[in-house]
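Chain by chain, the residues:
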Amino acid sequence: MGQARLLARWALAAAAATVVLLLTGLGAGGLLILFSGLVGIACSAVGIWWFLAHRGAVRLLGALLAVGAPLAVLSLYIIGGLWLTALLALGLWGVALLCGRAALRRLRDLREGGRGERTDLARGERRPRPRRPVLIMNPRSGGGKVARFGLVERAEKLGARVVLLDESAHTDVTALAQQAVADGADLLGVAGGDGTQALVAAVAAEHDLPFLVISAGTRNHFALDLGLDRADPSTCLDALVDGEELRVDLGSVSGRAFVNTVSFGVYADVVQHPEYRDAKAGTALELLPDLLQGGEGDRLDAIADDVRLPAQQAILVSNNPYAAPDPFGAATARRPRLDGGRLGVIGVRVDGAAQAAELAVRGTQSTGLNVLTAARVEVTGKAVIGGAGGTGGVVGTAGATGATGGTGTTGATGTTGATGAAGPTRPTGPTGPTRPTSPPGPTGAAGTGESDGAGEAAHTRGVGASGEAGAPALAPGCPAPGSLDPGSIAVAVDGEALILPTPVVCTLRPGALRVLVPRNRPGASDPVPPMNWRRVIEIAFHHPSHPYPRSGA
């Protein structure tokens, strides 16, 4: 407790020294450093927005501004003889952040058992060695990790039956897992990407069987948050002889399981395109101007428990919240726990260059970013933005479709008030009649996000007949992407491109999945706590006779 208090006081002292250096010790020079730094950040954010949301000359101007603004600020410091002062101020501020985060981390560790226990190495229950384990492996996953690490041979030596997915054809992974259970399997496992992990995990949870994660995908986000070794997937097989069982939550989106995230909006629209599979960056740059500025991208209305999120450009729903609720840090973020029983929700709405600059400067405090947790998230449909009068326009919600049939009537928009505020949203129209669905069959799916673009998604389960390989998988009764009706939206589930009818509901099944992990596993680096100066002040001046505040860590 004393160490956390000392670190917090050092953080406050360094922060105060930074302020004094900038505002008093250097007079106008200090103010110039502070002001020009903020202007540089804002201009860079505007440049990035122009680069992503426009084409041609405006995109080129945005690239020049994004790169040139920081260089201009640096040149100003050098020419004006302020570079040494700026460097000293930056160093002091770095010390303040380092000590502040260390204090928050220390307090969090003390709360988690008093010995600084790591959440990714939380101990589970010892279980008897499985007698009939069945492991499904994708040879193409992770660029061929199955062969490179000899996973088949090692698994068979440990007594597991291995099912290799056919590289030349689509495979119904769910059917394979169900058949393995019917044949007497007492454990199911997957060597593949997170999309395949989720499909088999759903079957394991349905039959209350333990599930083994083998980190043979490309990014292996689920394996990361379980503390598994992502560099050598063969070590995951140690769980078959010396393992322990953890109970973790399993997400559900319109009846389909997910282990990591469900994405709506811009990212989900981009990954629907087959060409994204082989040229991710190029495809995104080509499509983003239309999605962000040209009206082709969906603005979505959502409800997280009782909180309304209107006209969002992007929504990310995660199986438990990430430690760093920042869209810019999502690639490196991780979830401290997978058994919290709450969905993480991030909503982003950026309406122009000014709001992009605000997001860059204020981060999670920006008005364009919503970060919260919820037990239930419902994406009600596409926001309809328009209407006469005022500046606010009218926001309505497109009517929902029948489960497999026609489209319900579109809800009417409310009238605009005198100040131009959006009128109330009318309920969605009635659903259309249900039509019979075609029997399950193979469906191509785009390799996206956490899935392996080289072939992971070629083995995902689909329903009904599909088009050529690489087309997004369709939920029952959904139209093809080219004829997407107003009652359907693009969704990326654990990186796999899908089309689902609205409303799309995300929930969590607490403790539904039994995961078998090796007792000796490397774990992952503890996530850095989000910086909170109010909490640092509370730690620094906390009296030992009073309990510490229980708000976040």
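It should be emphasised that the depicted structure is a prediction, and the values quoted were computed from it without experimental measurement.

**Examining the packing of helix α7 (residues 173–182) against helix α8 (residues 194–206)**
Close contact between α7 and α8 brings their axes to 9 Å; oriented N to C, the two are set at 35 degrees. In this structure, the crossing between α7 and α8 has a hand that is right-handed. Residues Val 173, Thr 174, Ala 177, Gln 178 and Val 181 of α7 touch α8, and the partners they reach there are Thr 196, Leu 199, Val 200, Val 203 and Glu 206. Looking at side-chain class alone, the contact of α7 with α8 contains 6 nonpolar, 3 polar and 1 charged residues.

**Description of the confidence of the model for the protein**
When pLDDT is averaged across the protein, the result is 73; 63% of the residues are at 70 or more. Within the protein, strand β2 (residues 133–137) carries the highest mean pLDDT (97), whereas strand β15 (residues 394–397) carries the lowest (40). Contacts from residues 113–121, a stretch scored under 50 in pLDDT, to residues over four places away or in other chains number 22 contacts. Counting contacts from residues 327–331, a segment whose pLDDT is below 50, to residues more than four positions away or on other chains yields 3 contacts.

**Considerations on unusual backbone geometry**
Here Thr 502 and Pro 503 are connected by a cis peptide whose omega angle stands at -5 degrees. Note on placement: Pro 503 falls in the loop between β18 (496–501) and β19 (504–518). Positive phi, close to 55 degrees, is recorded for Asp 305, a residue that is not glycine. Examined against the element boundaries, Asp 305 turns out to sit in the loop between β9 (300–304) and β10 (307–312). With relative accessibility at 32%, the residue Asp 305 sits in the partly exposed group. One non-glycine residue, Asn 320, adopts positive backbone phi at about 75 degrees. Tracing the chain through its elements places Asn 320 in the loop between β11 (314–319) and β12 (343–348). You can call Asn 320 buried: its relative accessible area is 1%.

**Comments concerning helix α3 (residues 56–79)**
With 24 residues, α3 ought to run about 34 Å at 1.5 Å a step, and its terminal C-alpha atoms sit 33 Å apart, in line with that. At Gly 68, α3 is deflected by roughly 35 degrees, the largest bend along its length, and proline Pro 70 occurs up to four residues later in sequence. Considered for burial, the residues of α3 that qualify are Arg 59, Gly 62, Ala 69, Val 73 and Tyr 77. Of the residues one or two after α3, Gly 81 is the one with positive phi, at around 70 degrees.

**Quick look at a nonpolar patch on the surface**
Taken together, the side chains of Leu 74, Ile 78, Trp 83, Leu 84 and Leu 87 make up a nonpolar region of the molecular surface, amounting to roughly 540 Å² of accessible area. Elements supplying a minimum of two residues to the nonpolar patch: α3 and α4 (83–111). Tallying contributions element by element places α4 first for the nonpolar patch, with 3 residues. Tracing the chain through its elements places Ile 78 in helix α3.

**Considerations on the pairing of β10**
Looking at chain direction, β9 and β10 are connected through 4 bridges and run antiparallel. Bridge pairing links Ala 304 to Val 307 in β10. The antiparallel hairpin formed by β9 and β10 contains 2 residues in its connecting segment, where Asp 305 sits at a positive phi of about 55 degrees.

**What to know about the nonpolar core**
In terms of nonpolar packing, the biggest core is built from 54 residues, with Leu 135, Met 137, Leu 188 and Leu 513 touching the most fellow members. If you tally residues by element for this core, the top one is α8, at 7 residues. Excluding anything up to four places from it in sequence, Leu 513 contacts Ala 201, Ala 204, Ala 205, Phe 211, Phe 222, Leu 246, Arg 247, Val 248 and Leu 250.

**Observations concerning the side chain of Gln 312**
Checked against the element boundaries, Gln 312 lands in strand β10. Using a relative accessible area of 2% as the deciding quantity, one classes Gln 312 as buried. A polar contact is formed between the side chain of Gln 312 and the backbone nitrogen of Val 348, at a distance of 3.2 Å.

Analysis parameters
Residues numbered from 1 in each chain as written. Predicted model: local features only at pLDDT ≥ 70, side-chain atom pairs only at ≥ 80, totals over all residues. Heavy atoms only, no water. Axes fitted to C-alpha atoms, helices over the stretch in contact; angles between N-to-C directions. Helix = DSSP H or I, 4+ residues; strand = E, 2+ residues; numbered from the N terminus. Left-handed = near helix turned anticlockwise from the far one by under 90°. Contact = heavy atoms within 4.5 Å. Nonpolar A, V, L, I, M, F, W, Y, C, P; charged D, E, K, R; others polar. pLDDT = per-residue confidence, 0-100. Buried < 20%, exposed > 50% of the residue type's maximum accessible area, 1.4 Å probe, protein only. Expected span 1.5 Å × (residues − 1). Bend = angle between axes of the 7 residues up to and from the residue. Patch = residues over 30% accessible without salt bridge, like charges linked within 9 Å, V, L, I, M, F, W, Y side chains within 5 Å. Areas by Shrake-Rupley, 256 points an atom, 1.4 Å probe, with all protein chains shown as cover. Salt bridge = Lys/Arg side-chain N within 4 Å of Asp/Glu carboxyl O. Pairing = 2+ DSSP bridges. Core = buried A, V, L, I, M, F, W, Y, C linked by side-chain atoms within 4.5 Å. Polar contact = N/O pair within 3.5 Å; in protein donor to acceptor, adjacent residues only side chain to side chain.

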